[in-house]
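For reference, the chains in residue letters:
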Amino acid sequence: MTRILVLNTGSSSVKYRLFDGTATVAKGLVERIGEPGGEVHDHETALRQIMEGIDLAGLVAVGHRVVHGGSEFTRATVIDDEVAATIARLVPLAPLHNPPALSGIDVARKLLPEVPQVAVFDTAFHATIPPEGVTYAIDAGLAQRWGVRRYGFHGTSHAYVARRTAELIGVPADRADIITVHLGNGASACAVRGGRSVATSMGMAPQGGLVMGTRSGDIDPAIVFHLHRVAGLSIDEVEDMLTRHAGMRGLAGENDMREVERRLAEGDPAATLAVDVYCRRIREYVGAYLAVLGRADAIAFTAGVGQHSPIVRGRALAGMTALGISVDPERNERNAPVISPDGAPVAVCVVPTDEELEIAEQTRATLDGRVAG
Ligand code: ADP
């Protein structure tokens, strides 16, 4: 029995899943940590509760999801004091995401001192993007000094989905050109050539790119100055608006795509525009990544919206037949694994993501590598 515990520690929640090989033997979620009325005061109590509730016999490793690995981490890494300190140094780049992951790491190391712990970074998969794809055209010295560059996120999802898509269409992963479109609460697109990320839509932080549930995605940077100088919003207020009150929530007052689609069906104008903006942005990125790759074997949709919304997939890719991209309405409607017509030059796929499984597999591979090395 070789079990791996995967922990995804957020600011107010801890998600866990215990794997035996690729099988899930336990999973769950502790929510509302530290919130008024919440049952659990802090991450340590939450993790203790989780570990008391599951059978840890045969546990060989703990895999931690860490959002930001900066330029320092280009692969999953066994955690020691130095690695933990480096993750802590990266907090300014991910002030909302890295601190809870760190407390998860600290507590898990304390509770399970004999068990190796591995950090799996959302950014690491994108370490293969060439310099011209990660460099912003701003003052080069400032960018260098403050770590301002594209890092990209959702890497475990894009890596997993690209591999699965290659299997699904029967093209060797190391030769496949795939555009993956992850549409959850957060959303990002990725161009994957031969299993390596060569472009992605999120940037220095998980804010840029596609329109999301509550985040704007790409905007003109001048909007920030305008809202500050002319509308009188503070920088904190602008940040709060762009991260928590923008995206579908900003446009339609609602970040749950199911609800937006329900209102779309009733002809609600705000919901209609919101869906149009959302789909248009996906289309623009698919076009851009088709140009980056020069060709594509497949476009794969994943995560909550990507796996379940025929409306979004259909609208995002409508009218692209001349580019080899088309969607069969009947297959699209039933979320079939392949929703393009037979023989289409570019396969369009619906591929469920599994970030926890990918974290478990990367954790295992990292430990095997360490043992082998
Ligand atoms: P997270 O990024 O939190 O993991 P998910 O991948 O679960 O999020 O995606 C959440 C989004 O998926 C929500 O906006 C939700 O409305 C949307 N979603 C889930 N099911 C459907 C559906 N049947 N149709 C449209 N959207 C859906």
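For the protein, the name recorded in an unreviewed UniProt entry is Acetate kinase, with Krasilnikovia cinnamomea as its organism. Per UniProt, the comment on the protein under Function (unreviewed entry) is "Catalyzes the formation of acetyl phosphate from acetate and ATP. Can also catalyze the reverse reaction." In the Sequence similarities (unreviewed entry) part of its UniProt record, the protein is described as follows: "Belongs to the acetokinase family."

A. How the structure looks around the site of the ligand. Around the ligand, the structure places Gly184, Asn185, Gly186, Asn255, Asp256, Met257, Arg258, Ala303, Gly304, Val305, His308 and Ser309. A distance of 3.5 Å is found between an oxygen atom of the ligand and a backbone nitrogen or oxygen belonging to arginine 258. Protein contacts shield 69% of the accessible area of the ligand, which totals 580 Å² for the unbound molecule. Tallying contributions element by element places helix α12 (residues 303-308) first for the shell around the ligand, with 4 residues.

B. Broad picture of the side chain of histidine 182. For histidine 182, the location among the structural elements is in strand β7 (residues 177-183). For histidine 182, a relative accessible area of 5% puts it in the buried group. If near-sequence neighbours (up to four positions away) are discounted, histidine 182 is found in contact with His154, Ser157, His158, Ala187, Ser188, Thr302, Ala303, Thr353 and Glu355.

C. Representation of the UniProt feature "binding site: ATP" (unreviewed entry) in the protein in the model. The UniProt record annotates "binding site: ATP" (unreviewed entry) at Lys15, His182, Leu183, Gly184, Asn185, Gly186, Asp256, Met257 and Arg258. A maximum C-alpha distance of 23.4 Å among these annotated residues, which run over 244 residues, shows that they spread across the structure rather than meeting at one spot. When you line up the elements, glycine 184 lands in the loop between β7 and β8 (187-193). Secondary-structure assignment places asparagine 185 in the loop between β7 and β8. Take asparagine 185: its relative accessible area is 55%, and that puts it in the exposed class.

D. Representation of the sheet that holds strand β3 (residues 23-30) within the structure. The strand order across the open sheet built from 6 strands is β3-β2-β1-β4-β6-β5, with neighbouring strands paired in mixed fashion. What marks the edges here is a single partner per strand, and that holds for β3 and β5 (77-78). As judged from the 5 bridges shared by strand β4 (residues 59-66) and strand β6 (residues 117-121), these two strands associate in the parallel manner. Opposite valine 66, over in β6, you have phenylalanine 121 as the bridge partner.

E. Highlighting the pairing of β8. Buried residues dominate β8, accounting for 6 of its 7 residues. Direction of pairing for β7 relative to β8: antiparallel, over a ladder of 7 bridges. Following the sheet pairing, aspartate 177 is matched in β8 by arginine 193. Taking the residues between adjacent antiparallel strands as the criterion, β7 and β8 are bridged by 3 residues. Bridge analysis of β8 against strand β9 (residues 196-200) gives 4 bridges, and the strand direction is antiparallel. Note on β9: the bridge partner recorded for arginine 193 is arginine 196. Connecting β8 to the next strand, β9, in antiparallel fashion are 2 residues, including glycine 194 with a positive phi near 55 degrees.

The rules behind these values
Along each chain, numbering runs from 1 in the same order as the chain's sequence is written. Local features in this predicted model are restricted to residues of pLDDT 70 or higher, and side-chain atom pairs are both shown and tallied only at a pLDDT of 80 or more, whereas totals for entire chains, interfaces and linings draw on every residue. For side-chain calculations, the full set of non-hydrogen atoms in the structure is used, while hydrogens and water are omitted. UniProt positions are given in the numbering used here, feature names are shortened, and annotations may be inferred rather than shown by experiment. Proximity is defined per residue: if any heavy atom of the residue lies within 4 Å of a molecule or strand, that residue is considered near it. Residues adjacent in sequence count toward polar contacts only when both atoms are side-chain atoms; beyond that, a polar contact is any pair of N or O atoms within 3.5 Å, and within protein one must be able to donate a hydrogen and the other to accept it. Surface accessibility in these figures is a Shrake-Rupley result with a 1.4 Å probe; residues are shielded only by whichever protein chains are displayed. In this description a helix means any DSSP run of H or I spanning at least four residues, a strand means any run of E spanning at least two, and both kinds are numbered starting from the N terminus. Throughout this description, buried means an accessible area under 20% of the type-specific maximum (1.4 Å probe, protein chains only), exposed means over 50%, and partly exposed covers the range between. Residue contacts are defined here by distance: any two heavy atoms, one from each residue, within 4.5 Å place the two residues in contact. We call two strands paired when DSSP finds no fewer than two bridges between them.

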